[in-house]
Amino acid sequence: MRRSLHIKLVLIIILLIVSLMVVVGAFLMNSVTGYYIDKFYGQVADAFGQRNVDFIRDLQTATPDEEDGAAMMEEVLFAYAGALGVDRRDRNFFVLDGTTGRCLGGSAPEPEGGVAITPNISTALLGEPGFDSSVTADYMDAAIPITRGGQPYIVYILDNRETARSLNAEMFSLIVEALALGLIISVLLSFLLAKTMVDPLQRLTNGIEEVARGDFSRKLEITSSDEIGQLTESFNAMAQQLETTIADLEKAEQQRKDFVANVSHELRTPLTNITSYAETLAGGVGELPPEMESRFLGVILNESDRMAHILQDLLTLSRFDSGRSELRLTRFPFAQAVDDTYQAVLMDAQNHAHTVELRLAEDLPEVRADRERIMQVMMNIVSNAIKYTPDGGHIVLSAGRAGEKVWMEVDDNGIGIPAGDRDRIFERFYRVDKARSRQSGGTGLGLSIAQEIMLRHEGGLYLVDKEEPGLTIRMELPIRGPREEGGHEE
Ligand code: ADP
């Protein structure tokens, strides 16, 4: 990874520097040429301009009995060579015949084959000054028609652009040198840059590999607050999330296994009893005393009943799990439901010599809920209080309102739940004392179902902390019913 990222960095930097140099170089060289052209035409225009009347006059005015006008003009032009920038090397002037363009003299010997007729000379031959030049041409010239002593002449100034060219060449070599130096520096810098970028990425990669191997324990150190730092932070968060999710999944898987084992175990016990009693009955038809036969049949009926009970509870839970169980929402007075529960268990409580106290708040409203299911929850927790309190106990059923919720608490002074088991009593099949629960027909599913029902109503079922012996369970229910419609109104 290090190599490929490094190469990419170097390539990007080289590309940047080269393109920058090309753009800057082209711009500079173009500007230099442009500057020289402007300066050349500026000088010529100034020399032949309105303000320089002496110069024009000297060129135009022929002396009396003048024989060679061109030679005289040559002399004048030599006198003004400084103003025209004529150095006789790169820039020269020529005096041409105004009708043929033939060279009559100049600051340099006439070029071989004569002075070339350029577009500017053609313009001057027509009587107009020629002042044009293109940036791409390798010369620049100006041709000005002058009439002297009635004779047409052309003053022609020719610059071979050597100064501009040599300056451009100088600049080009400078740019190439700067480019080479820039490239060397950039390659060195890229090592540094690659190190600051690649090292954290390498650490991140190592971390990811460890997570891929299943080790979530190591947190990656965050060394910067840039994008790589943020990436590392996100990665740490993701690893943490993954660890929690996997732990949850493992827990769920364990719960599933326990559940299957529990179901098998719960069903096997009554089934074994039924089988053995049925076998005894089948083996001794007519031989067993009638009262024994009817006792055996009673046990068989009882055990089948228990199995039916367990299966019914399992079916209810499975409906909740799959979301197939809809709530039948109606409006009913909460106080009435609590009172009905109280009345329903009173007889059973009396059989166990328990005293049951009912404390209802005055302002209890109507609630919107599935009445049958809420009654099921109430019955379950009150029956538990009766079941798990030694005879002669005291049970208090109280209900009230707290804001937008109503609540009911069932408090007993029974055997209570050991601190270590408190968290688990809502688990499926969890019973503190299996034998005692079974004896009283319990399946260990009652509270899980009750909690499921309360959650569906967006309420809850909790254990309340208390100092005294026994147990207090509290159920809470939103008055307006579940917001998320898990059921339909009747
Ligand atoms: P069960 O059918 O066994 O009663 P539940 O789900 O209703 O199943 O209760 C789960 C377990 O919680 C019970 O087996 C019992 O150990 C414990 N429990 C429930 N209510 C009480 C209570 N009021 N006092 C003591 N223990 C209780």
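Here the structure is a predicted model, which means the values were calculated and not measured. (Residues numbered from 1 in each chain as written. Predicted model: local features only at pLDDT ≥ 70, side-chain atom pairs only at ≥ 80, totals over all residues. Heavy atoms only, no water.)

(A) Geometry of the overall build of the protein chain. Within the protein chain, the secondary structure is distributed over 12 helices and 12 strands. Compactness check: the protein chain gives a C-alpha radius of gyration of 55 Å against a globular reference of 23 Å for 490 residues, more than 25% above the reference. Each of the three principal axes of the protein chain carries a C-alpha extent, and together these read 175 × 55 × 45 Å. Buried positions account for 38% of the 490 residues belonging to the protein chain. By sequence separation, contacts in the protein chain at least 24 residues apart represent 66% of the contacts at least 6 residues apart. Within the structure as shown, the protein chain displays about 28100 Å² of accessible surface, and the carbon and sulfur contribution to it stands at 56%. Positive and negative side-chain charges of the protein chain, numbering 47 and 74 respectively, have mean locations separated by a distance of 7 Å. (Helix = DSSP H or I, 4+ residues; strand = E, 2+ residues; numbered from the N terminus. Rg over C-alpha atoms; globule rule 2.2 N^0.38 Å. Buried < 20%, exposed > 50% of the residue type's maximum accessible area, 1.4 Å probe, protein only. Contact = heavy atoms within 4.5 Å. Areas by Shrake-Rupley, 256 points an atom, 1.4 Å probe, with all protein chains shown as cover. Lys, Arg positive; Asp, Glu negative; His and termini not counted. Charge placed at Lys NZ, Arg CZ, Asp CG, Glu CD.)

(B) Representation of the sheet that holds strand E2 (residues 103-106) within the structure. Ordered in space as E2-E1-E4-E3, the four strands form an open sheet in which the pairing is antiparallel. Looking at strand neighbours, the two that pair on one side only are E2 and strand E3 (140-148), the edges of this open sheet. For this sheet, the mean inter-axis angle between neighbouring strands, taken without regard to orientation, is 25°. Where strand E1 (residues 91-97) lies against strand E4 (residues 151-159), seven bridges are found, and the strand directions are antiparallel. Its bridge partner lying in E4, Arg91 is registered against Asp159. With respect to the sheet, helix H2 (residues 53-60) is in contact with E3 and E4, its orientation differing from that of E3 by roughly 60°. Its contacts with the sheet put helix H3 (residues 69-79) on E1, E2, E3 and E4, and the angle it makes with E1 is roughly 155°. (Pairing = 2+ DSSP bridges. Axes fitted to C-alpha atoms, helices over the stretch in contact; angles between N-to-C directions.)

(C) Looking closely at the side chain of His354. Counting through the fold element by element, His354 comes out in the loop between helix H9 (334-351) and strand E6 (355-360). Under the relative-accessibility criterion, His354 is labelled buried at 5%. Engagement of the side chain of His354 in a polar contact is seen with the backbone nitrogen of Gly393, the distance being 2.9 Å. In contact with His354, not counting residues within four places along its chain, are Ala349, Ile386, Thr389, Pro390, Asp391, Gly392, Gly393 and Ile395. (Polar contact = N/O pair within 3.5 Å; in protein donor to acceptor, adjacent residues only side chain to side chain.)

(D) Structural context of the packing of helix H8 (residues 290-322) against helix H12 (residues 446-456). In contact at an axis separation of 10 Å, H8 and H12 are set at 30° when each is read in the N-to-C sense. The pairing of H8 with H12 is recorded here as roughly parallel in orientation. When you trace H8 past H12, the crossing you get is left-handed. Two secondary-structure elements touch here, H8 through Asp313, Thr316, Leu317, Phe320 and Asp321 and H12 through Ser448, Ile449, Glu452, Ile453 and Arg456. (Parallel < 35°, antiparallel > 145°, perpendicular 65-115°, else oblique. Left-handed = near helix turned anticlockwise from the far one by under 90°.)

(E) Region of the structure containing the side chain of Thr316. Position of Thr316 relative to the elements: it lies in helix H8. Ignoring anything within four residues of it in the chain, the contact list for Thr316 reads Arg373 and Ile449.

(F) Local environment of the pattern of salt bridges. Applying the stated criterion across every chain, the model contains 17 salt bridges. Two residues, Glu427 and Arg424, come together in a salt bridge whose shortest N-O distance is 3.1 Å. According to the relative accessible area criterion, Glu427 is partly exposed, its value standing at 31%. We classify Arg424 as partly exposed; its relative accessible area is 36%. A cluster of three or more residues bridged by salt bridges with shared partners is formed by Lys405, Glu409, Arg474 and Glu476. (Salt bridge = Lys/Arg side-chain N within 4 Å of Asp/Glu carboxyl O.)

(G) Examining the pairing of E1 more closely. Counting buried residues in E1 gives seven out of seven residues, a clear majority hidden from the surface. Inspection of the sheet shows E1 paired to E2 by three bridges, in the antiparallel sense. Within the sheet, the bridge partner assigned to Phe94 lies in E2 and is Gly106. Here E1 folds back onto E2, and the loop between the two strands holds five residues, one of which, Gly101, carries a positive phi near 85°.

(H) Up close: H2. Those residues of H2 not exposed but buried are Phe55, Ile56 and Leu59. Projected onto a plane normal to the axis of H2, the buried residues spread over an arc of 95° and lie on a single side. (Arc of directions from axis to C-beta.)

(I) Just the environment of Ile14, in detail. Among the secondary structure elements, Ile14 is positioned in helix H1 (residues 2-47). Along the backbone, Ile14 and Val187 are 173 residues apart, and their C-alpha atoms lie at a distance of 8.1 Å.

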